[in-house]
Amino acid sequence: MANNGKITLEIFRYHPETDSEPRYQSYEVPYNEDWVVLDAINWIKDHIDGTVTHRWSCRMGVCGSCGMMVNGEPKLTCAAFLKDYHPRAVKVEPLVNFPVERDLVVAMDGFMDKLDAVKPYIIRDDVNDTSEGEYRQSPAELARYKQFSMCINCMLCYAACPVVGHEEEFLGPAALALGHRYNKDSRDEGQSERMEVMLSDEAMWGCTFVGECSVVCPKHVDPAGAIQQAKAMGAQEYFKGFVMPRGAGE
Amino acid sequence: MSGQYHRPHRWAWWTERPGYMRFMVRELTSVFMAGYLVVFVMTLASVGGGEAAFAEWIAALGTPAWMAAHVVALIAAVWHAVTFFGAVPQAMPVFLGERRLPGPVAQIVMGYGPWLTVSAVIVWWVVR
Ligand code: SF4
Ligand code: FES
């Protein structure tokens, strides 16, 4: 393990019982080339200051819980290597566009509600009995939505989205991509039901296609692409409503 | 829930990332496009005003200040169009079975191709 001295982490601190405003605290940690920012934060918590609060679990870019701002950039801290910042200091802050619960931990309630709003599950008119077997799907049908099903709910895209920052109610990239994922699933029949939510002003029409959600997404979900595709589908539904009014074109 | 900290609003958000800046520049190009539409409508109006009015308007458009404006508007329009076609593969993916057409190919199939075809038809229709 290469060890070339130290690296400084500047950490956003906020404890609601004692702080009315956030503050920054600097910590010096051993510099290891193969350490990620999350390793350094864990080292601080274990060896210097046990009161530093942060979320993490898998350490391998799967659970989506370690998202933070690293030098102003939304990152999975378990995938952000210290060697990409050393010898400069690393500033770690909670994800922007979310209320801060404590130190590096943000409140996720709003995000969870938004995921829930798009009905992220397969909706069927009539549900087959399990004895009838599974709903078959071809590899080509899977390919239509697979990319959008790779989301790990890390919320980095919300931190990168200026519309989320302006409009608290905006459903946001991950939730809209998730809705689109189910609309694109050949086993699903819930598109018009889901579109009622996705077509509202706080949903996909709120998106101005800045596109940075797709830039920061660690799983290449391309939520920006999903939303533009959903807009095209939504416009089709809208025009179908003109041509065949009164519930036709479902 | 009480005790949460809400960050202040970031009014200068668009300065924070190069991607935000690119977005703002692209939005700004729309202003030039809209402006040029006005020029176009005024040109049509001058046609309605007779041959002399039209010639006068065309001569006015040839002054150095107007030439500079044409060049700026052209750059804005080209940038707007190129970024539009650049986004086409994201907004309109093309699948062949399990495979998705790679970006540059999708840009041609769904973007530049149809645009060139329509343009060629219009040119043919005008000059025939
Ligand atoms: S779309 Fe990407 S950035 Fe957004 S929550 Fe899912 S994995 Fe994270
Ligand atoms: S700790 Fe699970 S994604 Fe980083």
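Conventions we followed
Residues numbered from 1 in each chain as written. Chains lettered and ligands numbered in written order. Predicted model: local features only at pLDDT ≥ 70, side-chain atom pairs only at ≥ 80, totals over all residues. Heavy atoms only, no water. Helix = DSSP H or I, 4+ residues; strand = E, 2+ residues; numbered from the N terminus. Rg over C-alpha atoms; globule rule 2.2 N^0.38 Å. Buried < 20%, exposed > 50% of the residue type's maximum accessible area, 1.4 Å probe, protein only. Contact = heavy atoms within 4.5 Å. Areas by Shrake-Rupley, 256 points an atom, 1.4 Å probe, with all protein chains shown as cover. Lys, Arg positive; Asp, Glu negative; His and termini not counted. Charge placed at Lys NZ, Arg CZ, Asp CG, Glu CD. Core = buried A, V, L, I, M, F, W, Y, C linked by side-chain atoms within 4.5 Å. Domains from an automatic or database assignment. Buried area = accessible area lost by both parts, 1.4 Å probe. Salt bridge = Lys/Arg side-chain N within 4 Å of Asp/Glu carboxyl O. Polar contact = N/O pair within 3.5 Å; in protein donor to acceptor, adjacent residues only side chain to side chain. Patch = residues over 30% accessible without salt bridge, like charges linked within 9 Å, V, L, I, M, F, W, Y side chains within 5 Å. Phe/Tyr/Trp six-rings, centres within 6.5 Å; stacked < 30°, edge-to-face > 60°. Expected span 1.5 Å × (residues − 1). Bend = angle between axes of the 7 residues up to and from the residue.

This paragraph deals with the overall build of chain B. Summing up its helical and strand segments, chain B has four helices and two strands in all. What you see in chain B, going N to C, is helices and strands ordered as α-α-α-β-β-α. The globule rule puts the C-alpha radius of gyration for 128 residues at 14 Å, and the 22 Å found for chain B is more than 25% above it. Counting only C-alpha atoms, chain B reaches 70 × 45 × 25 Å along its principal axes. Counting only residues that meet the buried cut, chain B has 20% of its 128 residues in that class. In chain B, the share of contacts with a sequence separation of at least 24, taken over all contacts with a separation of at least 6, comes to 34%. Surface exposure of chain B reaches about 9,000 Å², of which carbon and sulfur atoms provide 77%. Treating the 8 positive side-chain charges of chain B as one cloud and the 5 negative ones as another, the clouds have centres 16 Å apart.

This brings us to the side chain of Asn183 of chain A. All names here are of chain A. Relative to the elements of secondary structure, Asn183 occurs in helix α6 (residues 173–183). Residue classification places Asn183 among the buried residues on the basis of a relative accessible area of 8%. Ignoring sequence-local partners within four residues, the contact set of Asn183 consists of Asp188, Gly190, Gln191, Arg194, Met195, Met198 and Met233.

Judged by nonpolar contacts, the single largest core of 42 residues is most densely connected at Leu95, Tyr158 and Leu176 of chain A. At the level of secondary structure, the elements contributing two or more residues to this core comprise α2 (109–117), α4 (156–160), α5 (162–166), α6, α7 (191–198), α8 (212–216) and α9 (223–243) of chain A. Two domains each put at least three residues into this core: domain 1 (3–106) and domain 2 (109–243) of chain A. Excluding its chain neighbours within four sequence positions, the residues that come into contact with Leu176 of chain A are Phe170, Leu171, Met198, Ala203, Met204 and Ile227 of chain A. Of all hydrophobic cores here, the second largest spans 24 residues; its members include Tyr27, Val70 and Val90 of chain A together with Tyr5 of chain B.

Below, the discussion takes up the domain arrangement of chain B. All names here are of chain B. When the domains of chain B are assigned, the result is domain 1 (1–91) and domain 2 (92–128). Relative to domain 2, the C-alpha centre of domain 1 lies at a distance of 24 Å. With seven residues of domain 1 at the contact, the number on the domain 2 side is 10 residues. For the pair domain 1 and domain 2, the two sides together bury roughly 710 Å², of which 66% comes from carbon and sulfur. When the buried surface of domain 1 facing domain 2 is broken down by residue, Phe85, Val88 and Pro89 rank first, second and third, together holding 76% of it. Viewed at the interface, domain 2 and domain 1 are joined by zero salt bridges. The interface formed by domain 1 and domain 2 contains two residue pairs in polar contact (both at pLDDT 80 or more).

Here Pro139 of chain A lies in helix α3 (residues 139–143). C-alpha separation for the pair Pro139 of chain A and Asp39 of chain A, spaced 100 residues apart in sequence, amounts to 39 Å.

On to a negative patch on the surface. Where like charges cluster on the molecular surface, the negative patch consists of Glu167, Glu168, Glu169, Asp201 and Glu202 of chain A. Turning to its location among the elements, Asp201 of chain A is positioned in the loop between α7 and α8.

Residues and elements named next belong to chain A. At the junction of His86 and Pro87, the peptide bond is cis and its omega measures out at 5° in the coordinates. Following the sequence through the fold, Pro87 ends up in the loop between β4 (73–76) and β5 (90–93). Within the chain, Arg59 stands out as a residue other than glycine whose phi angle is a positive 60°. Here Arg59 is to be found in the loop between α1 (37–47) and β3 (67–70). Positive phi outside glycine occurs at Met155, with the angle close to 70°. Position of Met155 among the secondary structure elements: in the loop between α3 and α4.

Next up on the list: the packing of aromatic side chains. Under the defined criterion, the tally for this structure stands at 11 aromatic pairs over all chains. Relative to Tyr5 of chain B, the ring of Phe12 of chain A has its centre 6.3 Å away and its plane inclined at 50°; by these criteria the two rings are tilted. Of this pair, Phe12 of chain A sits in strand β1 (residues 3–13) while Tyr5 of chain B sits in the segment before α1 (18–48), which puts the two residues in different chains. With respect to class, Phe12 of chain A is no different from Tyr5 of chain B; both count as buried. Pairing Phe84 of chain B with Phe85 of chain B gives two aromatic rings, centres 5.7 Å apart and planes at 75°, and the pair type is edge-to-face.

Before going further, it helps to spend a moment on helix α4 (residues 103–127) of chain B. Between its first and last C-alpha atoms α4 of chain B spans 34 Å; for 25 residues at 1.5 Å apiece the expected length is 36 Å, and the two agree. The largest bend along α4 of chain B reaches roughly 35° and is located at Tyr112 of chain B, with the proline Pro114 of chain B sitting one to four residues downstream.

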